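# Fold and geometry: a report
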Amino acid sequence: MALATRTDRPPRPPSLIGSVWRSTVGKKAVMAVTGVIMLAYLVAHVVGNLKVFFGAGEFNHYGHWIRTIGEPFLHYEWFLWIARAGLGTAVVLHGVAAYQLSRRDLAARPRKYERKRPRASYATRTMRWGGVILALFIVWHILDFTTLDVNPNAQEGRPYENLVASFDRPVVSAFYIVAMLALGLHVRHGFWSAAQTLGANAPRRDRALKFLANALALVLTCGFIAVPVGVLTGVVS
């Protein structure tokens, strides 16, 4: 009777995606690419939000239009849900990569040399808390404007009225403004970090890239904050 012999199989080589994800450089690249995706969304989002200053008809029409993009090839709201899924994936990957890089940085930092490290900029030192604030804001924002669970005066299919009803509450507007200030710092620091990671920076372009980072952060922050301020001051009502 022949005995079965055990053959040791060679270990399976790691996949390219897995190798990239496990490396520090790979995680930074993931953060940079997902950051660019989110920045493109923010630019489009703030342009859409500012339509609220043109009145209820214009803003509600815009809200209906984004749900019909791709028709008749795509069904109603299909494009919107595809965009949400892509954006959600980018946010999760960005957050997980940021958390893991932060843990690696803390683990590799000797305690006795902490005081010898150069002081980071204000934006750098607040990136972690800014990320937490933004994560909480995203959850609230979805419950407020997408599922309409935390807006007692929400009306299905009436985005203008829902926006006014939400920002008419000073506490909600204050939270939104704080989150947008954190977003501005995040964009300013993140844009410059992404440029470095993707190799776009160079001595001759550094000044222009820093100016663009500051300008984007300022425009996005002011654009988003203008909406709750407009509601609280009665410009949007």
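Predicted, not measured: the structure shown is a model, and the values here were computed from it.

## Quick word on the packing of helix 3 (residues 56–65) against helix 7 (residues 159–167)
Running from N to C, helix 3 and helix 7 cross one another at 110 degrees; their axes reach a closest spacing of 7 Å. When the axis of helix 3 is compared with that of helix 7, the two are roughly perpendicular. Contacts between helix 3 and helix 7 involve Ala-56, Phe-59, Asn-60 and Gly-63 from the former and Pro-159, Tyr-160, Glu-161 and Leu-163 from the latter. Taken together, the residues that form the contact of helix 3 with helix 7 break down as 5 nonpolar, 2 polar and 1 charged.

## A word on the packing of aromatic side chains
Going through the model one piece at a time under the given rule, you end up with 7 aromatic pairs. Here the aromatic residues Phe-137, Phe-145, Phe-167, Phe-175 and Tyr-176 are joined through ring pairs into a cluster of three or more. Over the ring of Trp-21 we find Lys-27, and its NZ or CZ is 3.9 Å from the ring centre. Over the aromatic face of Trp-192 sits the side chain of Lys-210, whose NZ or CZ is 5.3 Å from the ring centroid.

## Re the environment of Gly-157
Looking at the secondary structure, you find Gly-157 in the loop between helix 6 (127–146) and helix 7. Residues Gly-157 and Asn-60, 97 residues apart in the sequence, show an inter-C-alpha distance of 7.9 Å.

Reading the values: the criteria
- Residues numbered from 1 in each chain as written.
- Predicted model: local features only at pLDDT ≥ 70, side-chain atom pairs only at ≥ 80, totals over all residues.
- Heavy atoms only, no water.
- Axes fitted to C-alpha atoms, helices over the stretch in contact; angles between N-to-C directions.
- Helix = DSSP H or I, 4+ residues; strand = E, 2+ residues; numbered from the N terminus.
- Parallel < 35°, antiparallel > 145°, perpendicular 65-115°, else oblique.
- Contact = heavy atoms within 4.5 Å.
- Nonpolar A, V, L, I, M, F, W, Y, C, P; charged D, E, K, R; others polar.
- Phe/Tyr/Trp six-rings, centres within 6.5 Å; stacked < 30°, edge-to-face > 60°.
- Lys NZ or Arg CZ within 6 Å of the ring centre and 35° of its normal.

Purely spatial values, then, with no claim about function.
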